[in-house]
Amino acid sequence: METENNKAWEVLYSTHYASGGTFLPSWGLYYSGSELTEKLLKIENNKILEIGCGLGESVNYILKHNPSRYIGMDFSAHALDQAEKNNQSEKVSFVLTDMSKEFPFESDFFDEIFSVYGIGWSQDIKKTFSEICRILKSGGTFTFSWDHYLARVVNEQDGKIFFEKSYNIEEPTI
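These figures come from a predicted structure and were not determined experimentally.

Draft legend 1. Up close: the pairing of strand β2 (residues 69-74). The buried fraction of β2 amounts to 5 of the 6 residues, a majority that puts the element mostly inside the structure. Of the strand pairs in this sheet, strand β1 (residues 47-51) and β2 are connected by 5 bridges, and their pairing is parallel. Residue pairing in the sheet places E50 in a bridge with G72 of β2. This β-α-β element, β1 to helix α3 (residues 59-64) to β2, shows right-handed connectivity. Judged from the 5 bridges that link them, β2 and strand β3 (residues 92-96) form a sheet pairing that is parallel. Within β3, the position partnered with G72 by the bridge is F94. Between the parallel elements β2 and β3, the chain passes through helix α4 (residues 77-86) in a crossover that is right-handed.

Cut-offs and rules
Residues numbered from 1 in each chain as written. Predicted model: local features only at pLDDT ≥ 70, side-chain atom pairs only at ≥ 80, totals over all residues. Heavy atoms only, no water. Buried < 20%, exposed > 50% of the residue type's maximum accessible area, 1.4 Å probe, protein only. Helix = DSSP H or I, 4+ residues; strand = E, 2+ residues; numbered from the N terminus. Pairing = 2+ DSSP bridges. Right-handed = clockwise from strand over helix to strand, strands pointing away.

In short, shape yes, function no, at least from these values alone.
The structure is reproduced here in structure tokens:
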């Protein structure tokens, strides 16, 4: 079932972003001169998954650091069509799937998983994090960024950080 969230992104990718625009800040993965990214992601010789890869703007950075494999995952067919056109490599592939559902990967598969401004769009954040834990190898790392909207759904209790829900719930807020 296509959600309003999915419909909105398909419209954006097939109109504004199809003409070369982008929704990510121009720095993307390069925040703090990419020094921060290099400290967070261990790319070399690892299997990497990007959740919410959009147009594949992170691929060039990832390939420069020699992964064994990169898979970009998004629920927009328009975005992935563009990502595939712009990122031709035997190490790169893209998967059309909704991060709110079961991921089409075997357990303990990825060394590193990351998401740049994508994870907060999940319609079932608990399912999304459960799937990330399932497919991430023991000792692997999940790294994500999100803007201030996520602060409304993140809480800390007894030294643990937890997500109450996705901020993008498709229901009225009163």
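Following the structure, the description resumes.
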